[in-house]
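# Coordinates in review
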Amino acid sequence: MGVDEGTTPTNQPTQRQADGDDATPLIDLARRVSMGRIVLTLAWPVLIQQSLVFCVGMFDSWLAGNYKPADESLHVPYQSAQTSANYLIWVVTSCSAIVSVGSTALVARFVGAKDRDAAIHVTNQSIFLALAFGLLGAIVGVLGVSHVVRLMRLDGAAGEMAVQFLMPILIL
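Overview of the structure. (Residues numbered from 1 in each chain as written. Predicted model: local features only at pLDDT ≥ 70, side-chain atom pairs only at ≥ 80, totals over all residues. Heavy atoms only, no water.)

### Some thoughts on the overall build of the chain
A count of helices and strands for the chain gives 6 helices and 0 strands. Shown N-terminal to C-terminal, the secondary structure of the chain runs as helices and strands in the order α-α-α-α-α-α. Burial analysis of the chain (172 residues in total) assigns 20% to the buried set. Look at the contacts in the chain between residues 6 or more apart in sequence, and 48% of them connect residues 24 or more apart. (Helix = DSSP H or I, 4+ residues; strand = E, 2+ residues; numbered from the N terminus. Buried < 20%, exposed > 50% of the residue type's maximum accessible area, 1.4 Å probe, protein only. Contact = heavy atoms within 4.5 Å.)

### Focus: helix 3 (residues 35-66)
Counted at 1.5 Å a residue, the expected span for helix 3 with its 32 residues is 46 Å, and the 44 Å between its end C-alpha atoms agrees. If you look at helix 3, its biggest bend is around 55°, right at Ala43, and the proline Pro45 turns up within four residues after that. Regarding helix 3, the residues found buried are Ile38, Gly57, Asp60 and Ala64. (Expected span 1.5 Å × (residues − 1). Bend = angle between axes of the 7 residues up to and from the residue.)

### Looking at the packing of helix 3 against helix 4 (residues 75-112)
Axis separation between helix 3 and helix 4 bottoms out at 9 Å; the angle between their running directions is 170°. The pairing of helix 3 with helix 4 is recorded here as roughly antiparallel in orientation. Packed against helix 3, whose contacting residues are Gly57, Asp60, Ser61, Ala64 and Gly65, the element helix 4 presents His75, Tyr78, Gln79, Gln82 and Asn86 at the interface. Residues of the contact of helix 3 with helix 4, tallied by class, amount to 2 nonpolar, 7 polar and 1 charged. (Axes fitted to C-alpha atoms, helices over the stretch in contact; angles between N-to-C directions. Parallel < 35°, antiparallel > 145°, perpendicular 65-115°, else oblique. Nonpolar A, V, L, I, M, F, W, Y, C, P; charged D, E, K, R; others polar.)

### A look at the side chain of Ser126
Relative to the helices and strands, Ser126 resides in helix 5 (residues 116-151). Reaching out from Ser126, the side chain makes a polar contact with the backbone oxygen of Val122 at a distance of 2.8 Å. Residues within four places of Ser126 in sequence aside, it is in contact with Val99 and Ser103. (Polar contact = N/O pair within 3.5 Å; in protein donor to acceptor, adjacent residues only side chain to side chain.)

### Considering the environment of Ser146
Structurally, the position occupied by Ser146 is in helix 5. Judged by its relative accessible area of 30%, Ser146 falls in the partly exposed class. Put simply, Ser146 and Gln164 are 18 residues apart on the chain and 9.6 Å apart in space, counted from C-alpha to C-alpha.

### A word on helix 6 (residues 156-171)
Over its 16 residues, helix 6 runs 23 Å from end to end, which matches the ideal 22 Å to within 8%, given 1.5 Å per residue. Residues of helix 6 that are buried include every one of Ala158, Gly159, Met161, Ala162, Val163, Leu166 and Leu170, and no others.

### Observations concerning the nonpolar core
Ranked by size, the top nonpolar core spans 13 residues in total, and within it Val145, Val149, Leu154, Ala162 and Leu166 carry the most contacts. When contributions to this core are tallied by element, the ones reaching two or more residues are helix 4, helix 5 and helix 6. With 6 residues, the single largest contributor to this core is helix 6. Aside from chain neighbours lying at most four places away, what touches Val145 is Val140, Val163, Leu166, Met167 and Leu170. (Core = buried A, V, L, I, M, F, W, Y, C linked by side-chain atoms within 4.5 Å.)

Structure follows, in structure tokens:
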């Protein structure tokens, strides 16, 4: 059995290790900054994205409640359609997180292991998967949105409005 770099034959840290000269930049950063700040630094893009998704849903709900359709009898179905459509949109955005969360973890692991080629490979695979799932989801969504709306027991005017609300989102 060979001797590990940075240790003596008795497995005692060398002076260089004890002084911290071998520390990686992340370990050095963790020594100077709180872990909570590091997590917030890494998570802020996702927090902003999720906040924007929440704001869009809230604004849609506000619009549905404050701008009544020309036919007052359609106000409640209008709100039902919009609320149900927001739940379906939430499902779609949650499914998109599957690829992004998994790829982020893998890229971080490979970058930490200093395996740049594997990190690039995972990034390319993630982009491909995102495009493939997005295209497949759009096709299935456009073709099946009326069936899903019926499964949610939205029928009549509410069902039609939910489909009208979802169709542009699925196409884009």
